[in-house]
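# Geometric and topological summary
Listed below, chain by chain, are the residues.
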Number of protein chains: 2
Amino acid sequence: MKLYGYWRSSAAYRVRIALNLKGLEAEQVSVHLVRDGGEQHKADFASLNPQQLVPTLVVGEGTDTPLVLSQSLAIIEYLDETYNDCPLLPAMSAERARVRAMAQAIACEIHPLNNLRVLQYLTGPMGLDEAAKNSWYQHWIHEGFGAFEVLLEQHAGEYCFGDSITLADVCLVPQVYNAQRFNVDLSAYPNMMRIWANCNKLPAFSQAAPELQPDAV
Amino acid sequence: MKLYGYWRSSAAYRVRIALNLKGLEAEQVSVHLVRDGGEQHKADFASLNPQQLVPTLVVGEGTDTPLVLSQSLAIIEYLDETYNDCPLLPAMSAERARVRAMAQAIACEIHPLNNLRVLQYLTGPMGLDEAAKNSWYQHWIHEGFGAFEVLLEQHAGEYCFGDSITLADVCLVPQVYNAQRFNVDLSAYPNMMRIWANCNKLPAFSQAAPELQPDAV
């Protein structure tokens, strides 16, 4: 397997965690999201992933029919369906729905508003200054994390949903990393920070950290 | 089942389509997203869904253990796992991953940037004018639809993924409706518009249209 990613991409970080949890090896290919206007827009990568986004996971590269997967949640559910170790979703549909909803509370409500291309568009074509960009970033973090903290009060144990690692934890840890990078005060989210710390005690999480990746600067 | 939604919400529209495809009845409860600063922020609804977002599906209301589901994709996968009629994901994991990625190309990359709360935040606290808001909207539609059209060239048949209705179609139709409402020129996306028309020939799609809902204005 080949994982096209970038050390600081939260979505690639999710997939790195999932691969580690499953005990899977993937060769990392760095797609530098900033250099030269973004390597994700170059023809080679765009032909692999028309969305020009990381992560992209290629399964069976070099075979006649490589499988090219995009979108981090879709990639992780594929890995979860294909490799049984460390299941990332509960067995019962009602519980699966709750875990997926928690994951999507991050992946559909926070991350899409605060990722690099959006922040670049705000300060570029939209003409906002750094202070406005920062207040945009903080607003969506607090909006999303405030709701997530309530979900944790209802469902958390050692981890986001009870005492087993799930897809929700895989999404939470990179989002907390990202918020810390932007100096967001996270003291209003004690459950979240407790779970973030619990996750990072596990090598699958700690070894997926951006700073430990080969392309980290 | 009770579906808390709003006629113009794209995410609620997705769930209405899925319920129709599955042949399921749900009582619709309107949560007016604009009136009085947004009914989704009132205490009653916020206690049901801490994210204060529609849709929210309550299964078994009035029983001792009602199941309260949030996030449209999580709700739809729950329905798909629980009711076998008209499966919305293919049987094979590799194909499921592709369909989920197509759905997420809309639900994680386009819709989160262009929904009501985001547009309100741009023209409110961010201080952008209507023209800037409109150019923001158009930008993310074209960015997302441009990539989606390429995915359709690779995977579409009668519908987004081959000749069966999937979760990707359930996401596409409300997003096209939304783009049309903002007068986006969609002529560059012939596959998308062909599939949109094919879907709307089916009563499950056409009867889920915003204008036909009880709370439509």
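Definitions and cut-offs
- Residues numbered from 1 in each chain as written.
- Chains lettered and ligands numbered in written order.
- Predicted model: local features only at pLDDT ≥ 70, side-chain atom pairs only at ≥ 80, totals over all residues.
- Heavy atoms only, no water.
- Buried < 20%, exposed > 50% of the residue type's maximum accessible area, 1.4 Å probe, protein only.
- Helix = DSSP H or I, 4+ residues; strand = E, 2+ residues; numbered from the N terminus.
- Contact = heavy atoms within 4.5 Å.
- UniProt positions renumbered as here; feature names shortened; annotations may be inferred.
- Buried area = accessible area lost by both parts, 1.4 Å probe.
- Salt bridge = Lys/Arg side-chain N within 4 Å of Asp/Glu carboxyl O.
- Core = buried A, V, L, I, M, F, W, Y, C linked by side-chain atoms within 4.5 Å.
- Pairing = 2+ DSSP bridges.
- Axes fitted to C-alpha atoms, helices over the stretch in contact; angles between N-to-C directions.
- Least-squares fit on C-alpha atoms with pLDDT ≥ 70 in both.
- Phe/Tyr/Trp six-rings, centres within 6.5 Å; stacked < 30°, edge-to-face > 60°.
- Left-handed = near helix turned anticlockwise from the far one by under 90°.
- Nonpolar A, V, L, I, M, F, W, Y, C, P; charged D, E, K, R; others polar.
- Polar contact = N/O pair within 3.5 Å; in protein donor to acceptor, adjacent residues only side chain to side chain.
- Domains from an automatic or database assignment.

## Observations regarding helix α3 (residues 72–82) of chain B
Of all 11 residues in α3(B), nine are buried; the element is thus mostly enclosed. Where α3(B) is concerned, the buried positions are B:S72, B:L73, B:A74, B:I75, B:I76, B:E77, B:Y78, B:L79 and B:D80. Tucked into the core, α3(B) has its buried residues touching α4 (93–107) of chain A together with α1 (10–22), β3 (56–59), β4 (67–70), α4 (93–107) and α8 (167–181) of chain B.

## With respect to the UniProt feature "domain: GST C-terminal" (unreviewed entry) in chain A
Summarizing the sequence annotation, UniProt attributes the feature "domain: GST C-terminal" (unreviewed entry) to residues 92–217 of chain A in the numbering used throughout. Note that residues 92–217 of chain A is 66% helix and 0% strand, and that its end C-alpha atoms are spaced 42 Å apart.

## Let's talk about the interface of chain B and chain A
Contacts between chain B and chain A engage 44 residues on the former and 44 residues on the latter. Here chain B meets chain A over a buried area of about 4100 Å², counting both sides, of which 62% is carbon and sulfur. Run the count over chain B and chain A and you get eight salt bridges. The salt bridge involving A:E81 is made with B:R96; its shortest N-O contact spans 3.0 Å.

## A short note on the nonpolar core
Counting 152 residues, the largest nonpolar core has A:W136, A:F148 and B:W136 as the members making the most contacts within it. Aside from chain neighbours lying at most four places away, what touches B:W136 is A:V118, A:Y121, A:L122, A:M126, A:W136, B:L113, B:N114, B:V118, B:L119 and B:L122.

## Side note on the sheet that holds strand β1 (residues 2–5) of chain B
Backbone hydrogen bonds hold the strands of a sheet together, and the pairing may be parallel or antiparallel. Residues and elements named next belong to chain B. Here four strands make up an open sheet; going across it, the order is β2-β1-β3-β4 and the pairing mixed. Of all strands in the sheet, those with a lone pairing partner are β2 (27–30) and β4, marking the two edges. The average undirected angle you get between the axes of adjacent strands in this sheet is 20°. Bridge count between β1 and β3: three bridges; the pairing is antiparallel. Directly across from L3, in β3, lies its bridge partner L57. The strands touched by α1 within the sheet are β1 and β2, with β1 carrying the most contacts at an inclination of about 155°.

## Description of the environment of B:L57
Residue and element names in this part refer to chain B. With respect to the helices and strands, L57 occurs in strand β3. On the basis of relative accessible area, L57 is assigned to the buried category, the value being 0%. In this structure the C-alpha to C-alpha distance between L57 and V173, which are 116 residues apart in sequence, comes to 20 Å. Not counting residues up to four positions away in its chain, the partners in contact with L57 are M1, K2, L3, L67, V68, L69, I75 and L79.

## Things to note about the UniProt feature "domain: GST N-terminal" (unreviewed entry) in chain A
The positions UniProt marks with the feature "domain: GST N-terminal" (unreviewed entry) are residues 1–87 of chain A. The distance from the first to the last C-alpha atom of residues 1–87 of chain A is 20 Å, and the span holds 34% helix and 18% strand.

## Topic: the relation of the copies chain B and chain A
Screw-axis analysis of chain B against chain A gives a translation of 0.0 Å along the axis, an RMSD of 0.0 Å, and a rotation angle of 180°. Both copies are brought into coincidence by an operation consistent with a two-fold rotation axis. Taking C-alpha positions as the reference, the residue of chain B nearest the rotation axis is B:C108, at 2.4 Å. Both copies present the same face, since 100% of the interface residues in chain B are matched by interface residues at the equivalent positions in chain A.

## Overview of helix α9 (residues 190–200) of chain A
The set of residues buried in α9(A) consists of A:N191, A:M192, A:M193, A:I195, A:N198 and A:C199. Elements that come into contact with the buried residues of α9(A) comprise α7 (130–155), α8 (167–181) and α10 (203–206) of chain A.

## Some thoughts on the packing of aromatic side chains
Each aromatic ring pair is characterised by the separation of its centres together with the angle its planes make. Across all of its chains, the model carries 17 aromatic pairs over all chains by this definition. Here A:Y13 and A:Y177 contribute two aromatic rings whose centre-to-centre distance is 5.7 Å and whose plane-to-plane angle is 85°, an arrangement assigned as edge-to-face. One end of the pair, A:Y13, is in helix α1 (residues 10–22); the other, A:Y177, is in helix α8, and 164 residues separate them in sequence. By relative accessible area, A:Y177 is classed as buried at 12%. Three or more aromatic residues joined by ring pairs form one cluster here, namely A:Y121, A:W136, A:W140, B:Y121, B:W136 and B:W140.

## Focus on the side chain of A:Q213
All names here are of chain A. On the secondary structure map, Q213 appears in the segment after α10. Residue classification places Q213 among the buried positions, given a relative accessible area of 7%. Setting aside anything within four residues of it in sequence, one finds Q213 in contact with W7, R16, Q28, Q207 and A208.

## Concerning the packing of helix α6 (residues 116–123) of chain A against α7(A)
Residues and elements named next belong to chain A. The interhelical angle for the contact between α6 and α7, taken along N-to-C directions, is 140°, at an axis separation of 9 Å. Of the two possible hands of crossing, α6 and α7 adopt the one that is right-handed. From α6, V118, L119, L122 and T123 reach across to α7, where they touch E130, K133, W136 and Y137. For the contact of α6 with α7, a count of residues per class yields five nonpolar, one polar and two charged.

## Some words on the side chain of A:E109
Tracing the chain through its elements places A:E109 in the loop between α4 and α5 (111–114). Within the structure, the side chain of A:E109 is placed 3.1 Å from the side chain of B:Q71, a separation counted as a polar contact. Not counting the four nearest positions on each side in its chain, A:E109 is found in contact with A:Q104, B:Q51, B:L53, B:Q71 and B:R117.

## Overview of the domain arrangement of chain A
Residues and elements named next belong to chain A. One can read the domain layout of chain A as domain 1 (2–85 + 205–212) and domain 2 (93–203). Spacing between the C-alpha centres of domain 1 and domain 2 amounts to 20 Å. Across the contact, 21 residues belong to domain 1 and 21 residues belong to domain 2. Considering only the surface of domain 1 that becomes buried against domain 2, R14, L73 and F205 emerge as the three largest contributors, covering 35% of it. On inspection of domain 1 and its partner domain 2, the count reaches one salt bridge. Ionic pairing is found between R100 and E77, a salt bridge with its closest N-O pair at 2.7 Å. Those elements that place two or more of their residues in the side of domain 1 that touches domain 2 are α1, α3 (72–82) and α10. Examining the composition of the side of domain 1 that touches domain 2, we find that seven residues originate from one element, α1, more than from any other.

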